[in-house]
Every structure is written in C-alpha cells, then in structure tokens.
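Each chain, written out:
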Amino acid sequence: MTLEEIRGQENTMENTDRVQSAGAALEELLVAAKTQDYLTVGVYESAKVMNVDPDSVAFCVLATDEEYECDIALQIHFTLIQAFCFDNDINVVRVNDIERLADLVGADETGEPKDAHCILVTSPSANPWKDPALDKLSLFCEESRSVYDWVPTITLPER
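One numbering rule holds for all chains: residues counted from 1, following each sequence as written. Only residues with pLDDT of at least 70 get local features here, since the model is predicted, and only at 80 or more are side-chain atom pairs given and counted; chain-wide, interface and lining totals rely on the full set of residues. Think of the side-chain values as coming from all heavy atoms in the structure, minus any hydrogens and water.

- As annotated in an unreviewed UniProt entry, the protein carries the name Growth arrest and DNA damage-inducible protein GADD45 gamma and is attributed to Amphiprion percula.
- UniProt positions are given in the numbering used here, feature names are shortened, and annotations may be inferred rather than shown by experiment. According to UniProt, the comment filed for the protein under the heading Function (unreviewed entry) is "Involved in the regulation of growth and apoptosis. Mediates activation of stress-responsive MTK1/MEKK4 MAPKKK."
- What UniProt records for the protein under Subunit (unreviewed entry) is the sentence "Undergoes concentration-dependent homodimerization, which is required for growth inhibititory activity and enhances interaction with PCNA. Interacts with GADD45GIP1. Interacts with PCNA."

If you want it as structure tokens, here you go:
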C-alpha cells in the first residue's frame, strides 16, 4: 500500500465521521428549532420567507430522494434557493432521506406530513437565536466549501 492510498483511507474515514457528526447536529438543530417555532417547512413557504425577510434565515436544508430526482420543477426550485442562499451567505445542505426529515419536522394541521423538500431554520433579526448545533453545521459547511463541496450532503442518524 502506498502513502497516498493510506492517506485516502484516512480521509475517507475522517469524512464519514464528519458527515455523521453533521447529521447528528442537524437532527439536534431541527428539533430545537421546532420547539422554538423557528422552522419554515416547504418550498413555497420558504420562498416567501426568503423574499420577505432574508435576514431571518439562519440555515437551509434541501431534501430529496430517488423518487423526486427527476422532478424538474423541484430541481429548478432547488437551484434558485441555493443561489439565493449563496447570495445571502446562508449555509445550505442536502439530505437524501426525505421521509426521516418529514418525521423530524412533523405533520401539518390536517395530520398530513409536511412538504420537507425545503426547510429553513429562521431566527428573529431583533433577537438572534444561537444554538451549538447551528455552529457545528456552519463549521461543517465552511470546511466543505474549502474542498469545493458547495452543497454538502448530510446523512441523518438511524433511528
């Protein structure tokens, strides 16, 4: 085994640990934000918040799975949301387990699962909300950008 192969294995293991740690931090953040009523769930609802008060958006989660990968309209929305996030210095990540994400954010008033394709963690501008999980995710996104992974994918922990 060459030195490059050993380093490659170490980087792969380190990256896996980073992604798992980020997944746990994301779950923690979403649960905390939900109890504080700082979540906006849904593509259209998120677009409204971004249009009205972009300074209140602290973090963005885009979710999809194999069923929705060919949904062109959803992919266009994702592209526009990502562009908005980049322009406004908002960290954005992808999650491939939309069902798990929908379980975390809950159901709407009718008991139907919410549209978890886009989730914003918001924070009032007058009294910004700080959370250690948000700091961990911000660091994860910054590290990912340093290796040119502009929208990192996070895996949520198993239940």
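1. A look at the pairing of strand 2 (residues 57-63)
- Burial classes: relative accessible area under 20% of the type maximum marks a residue as buried, over 50% as exposed, and values in between as partly exposed (1.4 Å probe, protein chains only). Under the scheme used here, helices are H or I runs from DSSP no shorter than 4 residues and strands are E runs no shorter than 2 residues, and both carry numbers assigned from the N terminus. Burial of strand 2 is extensive: six of the seven residues sit out of reach of the surface.
- Two strands qualify as a pair provided that DSSP identifies no fewer than 2 bridges between them. Where strand 2 lies against strand 4 (residues 118-122), five bridges are found, and the strand directions are antiparallel. Directly across from Cys60, in strand 4, lies its bridge partner Leu120.
- When strand 2 meets strand 3 (residues 91-95), the two strands line up parallel, connected through five bridges. Residue pairing for strand 3: Leu62 is matched across the bridge by Arg94.
- By convention, a crossover is right-handed whenever its connection, traced from the first strand over the helix to the second and viewed with the strands pointing away, goes clockwise. On the question of chirality, the crossover connecting strand 2 to the parallel strand 3 by way of helix 3 (residues 72-87) is right-handed.

2. A closer look at the pattern of salt bridges
- Salt bridges, as used here, are contacts in which a Lys or Arg side-chain nitrogen is within 4 Å of a carboxyl oxygen on Asp or Glu. Evaluation of the coordinates by the stated rule reveals one salt bridge.
- The closest approach of N and O atoms between Arg100 and Glu27, which form a salt bridge, is 2.8 Å. Taken together, the residues Arg100 in helix 4 (residues 98-105) and Glu27 in helix 1 (residues 3-36) connect sequence positions 73 residues apart.

3. Observations concerning the pairing of strand 3
- Burial runs high along strand 3: five of the five residues are buried.
- Side chains Asn91, Val93 and Val95 project from strand 3 onto one buried face, and the interleaved Val92 and Arg94 project onto a second face that is buried too.
- Where strand 3 lies against strand 5 (residues 153-154), two bridges are found, and the strand directions are parallel. Along strand 5, the bridge assignment pairs Arg94 with Thr153.

4. Points about helix 2 (residues 43-52)
- Taken together, the buried positions of helix 2 are Val43, Ser46 and Met50. Each buried residue of helix 2 lies within a common arc of 65° when the element is viewed along its axis, so the set occupies one face. Among the exposed residues of helix 2, those pointing more than 90 degrees away from its buried face are Tyr44, Lys48, Asn51 and Val52.
- Contacts are assigned to residue pairs that have any heavy atoms within 4.5 Å of one another. Where helix 2 is buried, its residues contact strand 1 (39-41), strand 2, helix 3 and strand 4. The reported arc concerns the directions from the helix axis to the C-beta atoms and nothing else.

5. Observations regarding the nonpolar core
- Ranked by size, the top nonpolar core spans 31 residues in total, and within it Leu26, Phe59, Leu101 and Ile119 carry the most contacts.
- In terms of residue count, helix 1 provides more of this core than any other element does, seven residues in total.
- Those residues in contact with Leu26 that sit more than four places away from it in its chain are Phe59, Val61, Val95, Leu137, Ile154 and Leu156.
- The nonpolar core is taken to be a set of buried Ala, Val, Leu, Ile, Met, Phe, Trp, Tyr and Cys residues, with the residues joined through side-chain atoms within 4.5 Å. One finds Val43, Met50, Val57 and Ile90 within the second-largest nonpolar core, a separate group that totals 14 residues.

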